[in-house]
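For reference, the chains in residue letters:
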Amino acid sequence: MEAHAGKLPGAVQEPETRPDRVRQLQTEVAQLQHALTSHAVIDQAIGVIIAVGRMTPAEAWDVLRETSMCTNIKLRHVADLVVTWGQGGVLAADIRDELSVRLRLNGRMSE
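Being a predicted model, the structure only gives us computed values, none of them experimental.

J.: Just checking my understanding: could you explain the overall build of the chain for this structure?
T.: Counting its secondary structure elements, the chain contains four helices and zero strands. Starting at the N terminus and walking to the C terminus, you meet the elements of the chain as α-α-α-α. Considering only contacts in the chain between residues 6 or more positions apart, those separated by 24 or more positions represent 49%. By element, 56% of the accessible surface of the chain is carried by carbon and sulfur atoms, the whole surface being about 8000 Å².

J.: Explain helix α4 (residues 93–105) here, please?
T.: Since one α-helical turn is 3.6 residues long, residues separated by three or four positions face the same way. Taking 1.5 Å of rise per residue, 13 residues should cover 18 Å, and α4 covers 18 Å from first to last C-alpha, within 8% of that figure. Among the residues of α4, I95, E98, L99, S100, R102 and L103 are the ones counted as buried. In the core, the buried residues of α4 are packed alongside α1 (18–53), α2 (57–71) and α3 (75–86).

J.: Please explain the packing of α1 against α3 as it appears in this structure.
T.: Helices that pack against each other are described as a pair by the angle of their axes relative to one another and the distance between those axes. Between α1 and α3, whose axes approach to 8 Å, the crossing angle comes to 50 degrees. The angle between the axes of α1 and α3 places the two elements in the oblique class. Relative to α3, the crossing made by α1 is left-handed. In this structure, α1 uses T37, S38, V41, I42, Q44, A45, V48, I49 and V52 to contact α3, whose residues at the interface are L75, R76, A79, D80, V82, V83, W85 and G86. Each residue belonging to the contact of α1 with α3 can be placed in one class, and the counts come to 11 nonpolar, four polar and two charged.

Calculation notes
Residues numbered from 1 in each chain as written. Predicted model: local features only at pLDDT ≥ 70, side-chain atom pairs only at ≥ 80, totals over all residues. Heavy atoms only, no water. Helix = DSSP H or I, 4+ residues; strand = E, 2+ residues; numbered from the N terminus. Contact = heavy atoms within 4.5 Å. Areas by Shrake-Rupley, 256 points an atom, 1.4 Å probe, with all protein chains shown as cover. Expected span 1.5 Å × (residues − 1). Buried < 20%, exposed > 50% of the residue type's maximum accessible area, 1.4 Å probe, protein only. Axes fitted to C-alpha atoms, helices over the stretch in contact; angles between N-to-C directions. Parallel < 35°, antiparallel > 145°, perpendicular 65-115°, else oblique. Left-handed = near helix turned anticlockwise from the far one by under 90°. Nonpolar A, V, L, I, M, F, W, Y, C, P; charged D, E, K, R; others polar.

Pasting the structure below:
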């Protein structure tokens, strides 16, 4: 009966070798760690935009996302730049200009 276990509908197939499974799990853990870090930075950038633009989290997410799309810069990188700026750094001109446009379009930033 055990010889047929792998052929039963819904039966779980064992990975070919343990080292393959270990590599697969290591890759998955690395991907999850990267996603967690990216998510944290994006959340921090949303917080900066909320404070600057006096808007809701949903509006700040839209501003961040649209800034990324309009500048053709990855969202994670835009978020990094916004967080650095929020800590007293300088914001790159293209990001600053687009962010200003987005905040004005939302009626949240005065000239």
